[in-house]
Structure formats: C-alpha cells, structure tokens
Protein chains: 2
Amino acid sequence: MPKTILESLMIGTAQVLPHNELEKKLSKHKPLRIKFGMDPTAPDLHLGHAVVLSKLRQFQDFGHTIILLIGDFTALIGDPTGRSKTRPALTSEEIAINAQTYISQVSKILDPKKIEVRYNSEWLDKITSREWIKLCAKVSLAKIIEREDFALRIANHSHISLHELLYPLVQGYDSVALRADIELGGTDQTFNVLMGRYLQEHFEQDPQVIMTMPILEGLDGVQKMSKSYGNYIGITEAPDQAYGKLMSISDELMWRYYQLLLHKSSSEIEIMQKNILEEQAHPMALKKAMAYGVIERFWSKPEADYAESQFTKLFNKKDYTAAQEISLPAGTNNPIEPIVLLRLLEAAKTNSEASRLIASGALSIDGIKHTDFKIHIVYKSGTIIKVGKHIFFKII
Amino acid sequence: MPKTILESLMIGTAQVLPHNELEKKLSKHKPLRIKFGMDPTAPDLHLGHAVVLSKLRQFQDFGHTIILLIGDFTALIGDPTGRSKTRPALTSEEIAINAQTYISQVSKILDPKKIEVRYNSEWLDKITSREWIKLCAKVSLAKIIEREDFALRIANHSHISLHELLYPLVQGYDSVALRADIELGGTDQTFNVLMGRYLQEHFEQDPQVIMTMPILEGLDGVQKMSKSYGNYIGITEAPDQAYGKLMSISDELMWRYYQLLLHKSSSEIEIMQKNILEEQAHPMALKKAMAYGVIERFWSKPEADYAESQFTKLFNKKDYTAAQEISLPAGTNNPIEPIVLLRLLEAAKTNSEASRLIASGALSIDGIKHTDFKIHIVYKSGTIIKVGKHIFFKII
C-alpha cells in the first residue's frame, strides 16, 4: 500500500491500536467499515466533534464506508435509576428528529451519500435473556472496572448501578453486530472502543482496529469543548460569529486548533512558531489564517471570505456598520439594567453569566465601560453595545 | 394469632428477617406463598435438605402453599464461560426428569398435593433487553459485591464473570414474579433471599420475609452435608443403611441432628445431656433413639422398626445373618488384594478411599483386622467382611 494513505490517516490521531493491523486492513484495498457512535440525546455538533469527523471524511475520501451508529437503545431507556434529571427517556420520534438534525450537520463535513446510518436498538432489542447472560459471561468484573470513571467512583465509594456496567458491553456488542473493521472515537472513549475489539474476538470476528482522536479544548483552553461548558463553537453558527470566537482564543490554544482542526503537522507548526519568535510573522495574522482556514474547511470559502471581511470591518476599522442591528422588544424599560440588557441581547444565557461579564469589564456602551450592574443604562436608536472583545450590537 | 404457631415455626430456625413481619403475615390467616428454590442440576436429596423441607412441611400443616421453584433458567444456560466442566447446559427434558426425581423425593417429607411447582424460565425468558437494563439499574455494584463469596474473590483477585453478578438478581426477581410472602433457604443463601426482598420493594410489592435454616453438618461433623463431600445420608437410601450411618456420627454431632432433624428444643437437649452426665442415660441409647426418630420421621415407622432391629442384630448380638450377603464376580482372584475387595463390595468409591479405610483399621476379615493393603486375603463362602463399625458383608 502507498505509505501516504497510512501517513495521512495518522496526522492528528492520538492512538491506533494495534498499528500493524490498521496497515494490514488498509492493504486489502477493500472498502472498510468504519464505526462511529453518536449520542442521540445531544444532536448539536461543535468543532470538538469536527476533529473526529474530519478523520472520518479522510476515510470516506479513501473509499471506505462510515457507519454512523445511533445509540438509540440506551436513549430509549433514559436513566432507569431516576437519579439523573438530565437523562429522560426519549421517544423513537424524538430520537429520529435528533438523528436527522445530527446527520444534516455532519453532512457539512462528511459525504452524506457515503454514510450508513444504523440504530443499535435494531440488534440490542433482539438479545434474549439467555443471550444477555452469555454476553455478560464473556467479560470479567475486573476488566469492566478498569474503566477510569468506574475505578475512580469505586475509590471514592460513589454509587455505581449494575446497569452501568452493561453499557460498555452494549457498545462493544455494537461492533460485533456491525462487523466493524475500525472504530473511531475521542481518547475519552478508549475503554469503550477497546471493548468492541475484545467482544469481536470472543465472537470469533476479525477484531476492529481502534483509532482515538485527541479531545479539543474549548475557547477557554482548559475544559474540553462542550455545550455544557459554554466554551464551544457550534457547527451551525453563523460563520462570522464562529470566526469571532476563533479569534478570541489564546495564542497557545491556536496551535492546538491548527493541529486538530487543520491537520497541520508538528514541523509546519514549528515553522510558524519560529516565524513569530523571529518577528517574521505576527500572532494576530496567524490566528486570522487559522480562523479563516477553519471556516473555509467546515463552512465554505465564500463564508470564510465574508467572515474575515466582517471581522476586519469591526475590529480593524472600528466600522460599526458591521455590528448586529437589534431592536429591543416593545415595552422594555429605558433606562435598563445591564443584566437585563445582556439577556435581551442574548449575549448571556443566565443572569449569573451576565453578572460575570459585567464584573469582568466586558460591557461597553458607546465606548464607555460599565462594571457596575446596578446602574441604569439609557439607550436610543444608534447606541452601540460592545460585549467582550468582538461582539457588537447596534440598537435600531 | 395463637403464639404457638409462631413459636413452633421458630424452632430450629437460624434467622427470620424481619421477625415482626412474619408475625404480621401469619396473623392475616390467609394461605401464604412460601418460596423454596431447587437446583435442577442436583436432584438427589439428603438429610441436609431435610432441615429446610421439614420447616416447609410445618408451613403446609398450617395451611400455607409451598412454591417449589425450579431454577431451570440458569441450568439451561450452564456455565457460559466454559470454565466449569461440572456445569454443562441441561436440556429441558433433562431438567424435567431431574425435577420429577426431586419432587418424588420431597414427597417423602412434603405433601405433594400442596406444592405449586414453577420453573423460572417461565418469566426470566420473557425479560426483554430493556427490562434487563432497568432491572440492573435497581441495584448497585456495591450491594452485589457484599455477597460473601464475591467479596472474598475480589479480595483474592479471583476471576468473577459479569454474568455471575446477575444471578442474585435473577433469584431475587423470582420472588417478584411469584409474589412470594416468605422465602426459605439455608443460612448460606441469606444474601440471595434478601435480594428477593429488596427487589420486591423496588417493584412495590409487600416484601417477603426471609427465614434461614442452619446448615446440617455431614457424617464427619466438619463439612456441611453434601454429595460432593461423600458425608451424606441420601433420602432414598435403604432405611437400615441410613440408620447405620446415623449411628456412626460423633456424640457431639448427635445433638445437632436432634436439634435440626427432630426439632428438639434447647431445653430438651439439655435434659438429655444432663442425664448422660448423671449416668441416667447411655449415649448409645440416645443415639439409637435419634437414629430411630430420623428414620421414623423421614422414612416411616415400620422402616424405623426394621432398621433398628437390623442394627440390633448386627451390632448387639453380632448376628451375622443380618450381614449383606454378596457373591464376588466370577473370575475374581482368590486370594484378593484388600483394595480390590473393598471396591468390589462397593464399600469404597475410589482406590484412595479404600487405602484410607484400610490404613485407618476399618477392615476386618472374620474378626481379624487388616491394615496392610499389600497382603492377599483368602476368602470362601461364609467369610465375614466388616468395614468400619457398622457395615458387614457375608460372601456367599
């Protein structure tokens, strides 16, 4: 096989287990079945997902089949202990809608014609009582509680329900049912994807190769990108908004985005870093190139051009004509409290987030910073409201 | 309710959990559903089983229903790990035959007309995949591994397959399906029967009361009575053979048999012990009374009379006409090695057992003890062979 295929698949990949089997499978020159699991309770994609999806796209481009596995079986059950209010049981209809949302989003990165969509209830609902016992017999308690979060909870004497131990098995059995050749996941999924390999061996199948992708840090550079941390860039966001958010990340995090979202190799990144040190390049210019590259890759070239021009207008030329024009709802108090204002502008999701923004000095009205959230702001048509470094609103 | 019913149910009972609920259930004066589980892989009953069966008989006599639960679900599966060669999967036909054998044996103690026989595959085979998840969600890993053998194996880093954790749940669910009011078991079953109570509460049923019975020691007085230890008295053995075995136990163990098999109270036993100390009674006489009582109770009065007379003939009068008459197979060497002789007489199951018997001085030929297993014994018609204290053969 040409070395270049294997090499390009390795770029940005955290781990391949076992490496020689990947080479072997690729060398068969047959379309491989690449499994990728999707959680139907959270259909909104962000750039954190794009890391794995880009890798899947590479596989598609090399002629392989992506199996989008929708884990509806557990979503249909919800949290049977009733402990988690955030995991209600979904109906089949809700799952179908979420899956459709998800598929239309991944189609920004993947070729939808080369995706096989499967729901795991198809085979999991058919497992009989006796088969469950036999399935559970294939794995030891010791092996299951190797999983990091179980080990941690056992060490902390935290509650683990017995059904939770079955979930890695369920995920592993999906690989058996799909006869997957390769499974992709984030590094936080390593245990679960290895379980697929393990069970396939027990079912006398050629076991899947596992490929894990690094976890992308969110805008804060600390936590992983996640909707629940509010540090994400949604894949359906307006390109200029996404561009602005990309421009807000730290210089350090920029290299990570170059690597994971734009697949720049270590040597390419080293050259850019050297250029900055030697004052051959400005960090701001490289960040703009990264933001442009990401929008071009995951949105489109025209959208990247548009987003870049908007950014340039707003931040370089201070041209507020590019600000988002907004009219406050009729009946809104004038003067208005700053927290209420931020909520009406949807610049903050909660009152506490609004308070934090104001306290940190993120709010300016017509060029004047306001850090006291007890003042009252008088607004009129044409008032410019700036939130953080890059977001501008103009009252109309 | 009359106190006497509760009191007589308490005799020989190790534990009732919770005690006040038993009283409450009995005071309803309605037939209660008493669950008792049977392992269909081992249909041969011995006096160890008789301890629990006698208690069940008491319940029958008070008008309650005994549900004989045949655990065919797991027997049909066998050992899915393939580790245990002694636990092959049984067919439904084999299980039905074993159950029939079992029922005809328990009918020596229980009233067969007042037994409801149930197979747990009836409901366990119907549990769907989703229900399995929900069932497992009802119990924590911590709770399951409280079970003594799991805790021990975890401490010893021994292998536990995940399916083994499901078995207590399966047993517990049986109580839900049966809507059991009371479950009986040996003290070694305490964890499992408590699981039934626990799950019934989760299924919003009035939870079963659990009653555990002490484990009867075998003839050696050390290990629990068990076919695999060879220290048992089968419930279908010939009454004179059983009587002989009962006479072979130690004086100390005799009190235990009085308590567990004949339901003698502590004060009754104390009186007998006092009589021995004051030389008002001879231990041999009390042992004969115990042996007679057990045969009378679990066989019949005529059989007890017969067994006692046989014993008296053999051991008191040394009347060898009561010896088992046996002809050795044609072609048997004469003289014969003692090990071969014991095997032909079926007085020892293995060569090593035969060697042990001979070394311990258990073998006498025509009144002469032989402890050397290398000698050769000459036999003729009328030769009396004594094995241990109570077993006599006469060559014909």
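Residues numbered from 1 in each chain as written. Chains lettered and ligands numbered in written order. Predicted model: local features only at pLDDT ≥ 70, side-chain atom pairs only at ≥ 80, totals over all residues. Heavy atoms only, no water.

Draft legend 1. Seen up close, the overall build of chain A. Each helix and strand in chain A was counted, giving 18 helices and eleven strands. Here chain A, with 396 residues, has 49% of them falling under the buried criterion. Within chain A, contacts between residues separated by at least 24 positions form 69% of all contacts whose residues are at least 6 apart in sequence. Entry remark: accessible area of chain A is about 18900 Å², with carbon and sulfur atoms responsible for 51%. Averaging the locations of the 47 positively and 47 negatively charged side chains of chain A gives two centres separated by 0 Å. (Helix = DSSP H or I, 4+ residues; strand = E, 2+ residues; numbered from the N terminus. Buried < 20%, exposed > 50% of the residue type's maximum accessible area, 1.4 Å probe, protein only. Contact = heavy atoms within 4.5 Å. Areas by Shrake-Rupley, 256 points an atom, 1.4 Å probe, with all protein chains shown as cover. Lys, Arg positive; Asp, Glu negative; His and termini not counted. Charge placed at Lys NZ, Arg CZ, Asp CG, Glu CD.)

Draft legend 2. Spotlight on the sheet that holds strand E11 (residues 391-395) of chain B. Residues and elements named next belong to chain B. Judged by pairing direction, the sheet is mixed, and its five strands sit side by side in the order E7-E11-E10-E8-E9 without closing on themselves. Each end of this open sheet is capped by a strand with a single partner; those strands are strand E7 (324-326) and strand E9 (368-369). For strand E8 (residues 363-365) and E9, the ladder comprises two bridges, and the chain directions are antiparallel. Residue Ser364 lies in a different strand from E9, and its bridge partner there is Lys369. (Pairing = 2+ DSSP bridges.)

Draft legend 3. Structural detail: the relation of the copies chain B and chain A. Between chain B and chain A, the superposition needs a rotation of 180 degrees and an axial shift of 0.1 Å, giving an RMSD of 0.3 Å. Seen this way, the second copy is the image of the first under a two-fold rotation axis. When you check the interface residues of chain B against chain A, 100% turn up at the interface there too, and the contact is symmetric in its surfaces. (Least-squares fit on C-alpha atoms with pLDDT ≥ 70 in both.)

Draft legend 4. Representation of the state of the cysteines in the model. One pass over the structure, following the stated rule, counts zero disulfides over all chains. You can see Cys136(A) has no disulfide; the closest cysteine sulfur is in Cys136(B), sitting 7.0 Å from it. (Disulfide = S-S within 2.5 Å.)

Draft legend 5. Molecular detail of unusual backbone geometry. In this structure, Pro18(A) follows Leu17(A) across a cis peptide bond, with omega equal to -15 degrees. Looking at the element boundaries, Pro18(A) is found in the loop between strand E1 (15-17) and helix H2 (19-26). Here Asn334(B) and Pro335(B) are connected by a cis peptide whose omega angle stands at 5 degrees. Its identity is not glycine, yet Glu204(A) carries a phi of approximately 55 degrees, on the positive side.

Draft legend 6. Examining the interface of chain B and chain A more closely. Facing the 30 residues of chain B at the interface are 30 residues of chain A. Interface area for chain B against chain A, summed over the two sides, is near 2600 Å², with a carbon-plus-sulfur share of 74%. Joining chain B to chain A, the criterion identifies two salt bridges. Between Asp125(A) and Arg130(B) there is a salt bridge, with its nearest N and O atoms 2.6 Å apart. Linking chain B to chain A there are 16 residue pairs in polar contact (both at pLDDT 80 or more). Among the secondary structure elements, those contributing two or more residues to the side of chain B that touches chain A are helix H4 (72-77), helix H7 (129-137), helix H8 (141-144) and helix H10 (162-178) of chain B. Here the residues of the side of chain B that touches chain A sort into 21 nonpolar, six polar and three charged. (Buried area = accessible area lost by both parts, 1.4 Å probe. Salt bridge = Lys/Arg side-chain N within 4 Å of Asp/Glu carboxyl O. Polar contact = N/O pair within 3.5 Å; in protein donor to acceptor, adjacent residues only side chain to side chain. Nonpolar A, V, L, I, M, F, W, Y, C, P; charged D, E, K, R; others polar.)

Draft legend 7. The pairing of strand E10 (residues 384-387) of chain B, seen in detail. Residues and elements named next belong to chain B. Of the pairings in the sheet, the one linking E8 to E10 comprises three bridges and is antiparallel in character. Pairing of Leu363 across the sheet is with Val387, part of E10. The sheet contact formed by E10 and E11 spans four bridges and is antiparallel. Bridging from a neighbouring strand, Ile385 pairs with Phe393 of E11. The antiparallel hairpin formed by E10 and E11 contains three residues in its connecting segment, where Gly388 sits at a positive phi of about 70 degrees.

Draft legend 8. Highlighting the sheet that holds strand E6 (residues 209-213) of chain B. Residues and elements named next belong to chain B. Across the sheet, which stays open at both edges, the six strands sit in the order E1-E6-E5-E2-E3-E4 with mixed pairing between neighbours. Looking along the sheet, the strands with just one partner apiece sit at the ends: strand E1 (15-17) and strand E4 (115-119). Going across the sheet, the axis of each strand differs from the next one's by a mean of 25 degrees, ignoring polarity. As judged from the five bridges shared by strand E3 (residues 65-70) and E4, these two strands associate in the parallel manner. Along E4, the bridge assignment pairs Leu68 with Val117. Each of strand E2 (33-38), E3 and E4 touches helix H5 (residues 92-106); the most contacted strand, E4, lies at about 160 degrees to it. Lying on the sheet, H10 is in contact with E2, E3, E4 and strand E5 (182-186); it crosses E2 at an angle near 145 degrees. (Axes fitted to C-alpha atoms, helices over the stretch in contact; angles between N-to-C directions.)

Draft legend 9. Here's a closer look at the environment of Val106(B). All names here are of chain B. Summarising the element assignment, Val106 is placed in helix H5. For the pair Val106 and Ala50, spaced 56 residues apart in sequence, the C-alpha to C-alpha distance is 8.5 Å. Residue contacts for Val106: discarding those within four places in its chain leaves Leu45, Leu53 and Ile115.

Draft legend 10. Quick look at the packing of helix H13 (residues 251-262) of chain B against helix H14 (residues 266-277) of chain B. Residue and element names in this part refer to chain B. Between H13 and H14, the shortest axis-to-axis distance is 11 Å and the interhelical angle comes to 155 degrees. With respect to H14, the element H13 is oriented roughly antiparallel. The way H13 lies across H14 gives a crossing that is right-handed. Counted together, Trp255, Tyr258 and Gln259 of H13 and Ile269, Met272, Gln273 and Ile276 of H14 form the full contact between these two elements. Across the contact of H13 with H14, the residue classes break down as five nonpolar, two polar and no charged. (Parallel < 35°, antiparallel > 145°, perpendicular 65-115°, else oblique. Left-handed = near helix turned anticlockwise from the far one by under 90°.)

Draft legend 11. Summary view of the packing of aromatic side chains. Tallied over the full model, the rule gives six aromatic pairs over all chains. Here Tyr173(A) and Phe203(A) contribute two aromatic rings whose centre-to-centre distance is 5.7 Å and whose plane-to-plane angle is 70 degrees, an arrangement assigned as edge-to-face. Residue Tyr173(A) is found in helix H10 (residues 162-178), and its partner Phe203(A) is found in the loop between helix H11 (190-202) and strand E6 (209-213); the two are separated by 30 residues along the sequence. For Tyr173(A), a relative accessible area of 18% translates into the label buried. Assessed through its relative accessible area of 32%, Phe203(A) is described here as partly exposed. Between Tyr243(B) and Phe311(B), the ring centres sit 5.3 Å apart and the planes meet at 50 degrees, which makes this aromatic pair tilted. With Tyr243(B) in helix H12 (residues 239-247) and Phe311(B) in helix H16 (residues 301-316), this pair connects stretches of sequence that are 68 residues apart. Its relative accessible area of 0% is what places Tyr243(B) among the buried residues. Residue Phe311(B) is classed as buried on the basis of its relative accessible area of 3%. Sitting over the ring of Phe150(A), Arg147(A) keeps its end group 4.3 Å from the ring centre. (Phe/Tyr/Trp six-rings, centres within 6.5 Å; stacked < 30°, edge-to-face > 60°. Lys NZ or Arg CZ within 6 Å of the ring centre and 35° of its normal.)

Draft legend 12. Broad picture of the confidence of the model for chain A. All names here are of chain A. Confidence in the prediction for chain A averages 88 pLDDT; 97% of positions are at 70 or higher. Of all secondary-structure elements in chain A, the lowest mean pLDDT belongs to strand E9 (residues 368-369), at 78, while E6 reaches the highest, 95. Listed scores for the predicted complex are pTM 0.74 and ipTM 0.73. (pLDDT = per-residue confidence, 0-100.)

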